[in-house]
Amino acid sequence: MLYDALIGPFTEFEFMRRALAAVIALSLAGAPIGVFLMLRRMSLVGDAMAHAILPGAAVGFLLSGLNLFAMTAGGLIAGFAVAILAGLVARSTGLKEDASLATFYLASLALGVTIVSIKGTNIDLLHVLFGNILAMDDQTLLVVAFNATVTLLVLAVIYRPLVIESVDPLFLRTVSRAGGPAHLAFLALVVINLVNGFQALGTLLAVGLMILPAGIARFWSRDLTVMICIAVVAAAVSGYAGLVLSFQTRVASGPAIILVASALYTVSVLFGPVGGVVRQLFPGRHLEA
């Protein structure tokens, strides 16, 4: 009975195996990016960028239908364009960068929904907004895996300056010029992983497997390496449990994955050893000399 519920769906159905492989790829690449977004206090920036990719993906849909490469290329172009425009406006005017980005992402979200609505049906719109990881084919899975591999390789190259800039950007500027390129490369990785998540979870939930696992890890460790490992495991477990929940019930796969991650986050907030509610209410005894 337990085997049929937890393992059977993945041994019997190929689409479930593809979905699980996609979730693992998204977890390996997206969770570390989410940890750095949290450390750099850019979590809401990630959410804004997730909506910013929609018009590019919608234009790809308008030109080629549900074509993987057209929608991916469009999403990348739109994400980079919004990031660059928001930065230019923030630097040439008195407007803060977060406010500038919020303005662009709202306009992008509205434009993308309008574009999809013009040509597509309500089903197409739901697919773009919420994704459908269970409908992922081999071609899409290969693209997700390739983007995840590129993310891990680039992250390994910029890891040290990224860590230093997250902790003490002033110190990095005094000893090295690597901060600027590392920041730009990191923003590129954010966009790439949002497009990756877009293929599986849609534009509204793409950021979920990046931010929620990072929040979970925050309550279980202060060590950056351990936090990244916990975030990856939390994302993978959320993806697996969400797929099982979706298979056994009528809950859509994308929302099911994010709901499981949200439940794990709630448990971490309550019982996490690093700043959890219970730990603060009942602190352990300190050693006395």
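What counts, and at which threshold
- Residues numbered from 1 in each chain as written.
- Predicted model: local features only at pLDDT ≥ 70, side-chain atom pairs only at ≥ 80, totals over all residues.
- Heavy atoms only, no water.
- Patch = residues over 30% accessible without salt bridge, like charges linked within 9 Å, V, L, I, M, F, W, Y side chains within 5 Å.
- Areas by Shrake-Rupley, 256 points an atom, 1.4 Å probe, with all protein chains shown as cover.
- Salt bridge = Lys/Arg side-chain N within 4 Å of Asp/Glu carboxyl O.
- Helix = DSSP H or I, 4+ residues; strand = E, 2+ residues; numbered from the N terminus.
- Buried < 20%, exposed > 50% of the residue type's maximum accessible area, 1.4 Å probe, protein only.
- 1 Å grid on protein atoms, 1.4 Å probe; cavity = no way out; pocket = protein on both sides within 12 Å on 5 of 7 lines; lining within 4 Å.
- Points joined across faces, edges and corners; volume = space filled by probe spheres on them.
- Nonpolar A, V, L, I, M, F, W, Y, C, P; charged D, E, K, R; others polar.

J.: Before we move on, could you go through a nonpolar patch on the surface and cite the residues and values that matter?
T.: Residues W220, V267, L270, F271, V277, V278, L281 and F282 make up a contiguous nonpolar surface patch of about 760 Å² in total accessible area. For the nonpolar patch, the elements supplying multiple residues, two or more each, are α14 (253-271) and α15 (277-281). Turning to its location among the elements, L270 is positioned in helix α14.

J.: Break down helix α12 (residues 208-218) for me, with residues and values.
T.: Burial runs high along α12: nine of the eleven residues are buried. Turning to α12, its buried residues are G208, L209, M210, L212, P213, A214, G215, I216 and A217.

J.: Run through empty space enclosed by the protein, naming residues and quoting values.
T.: Counting across every chain of the model gives one cavity of 30 Å³ or more. In this model, the largest cavity occupies a volume close to 60 Å³. Around the largest cavity, the lining residues are L26, G30, N193, G197, A206, L209 and M210. Among the elements of the structure, α3 (14-39), α11 (179-205) and α12 are those that each provide at least two residues to the lining of the largest cavity. For the lining of the largest cavity, the class distribution of residues is four nonpolar, three polar and no charged.

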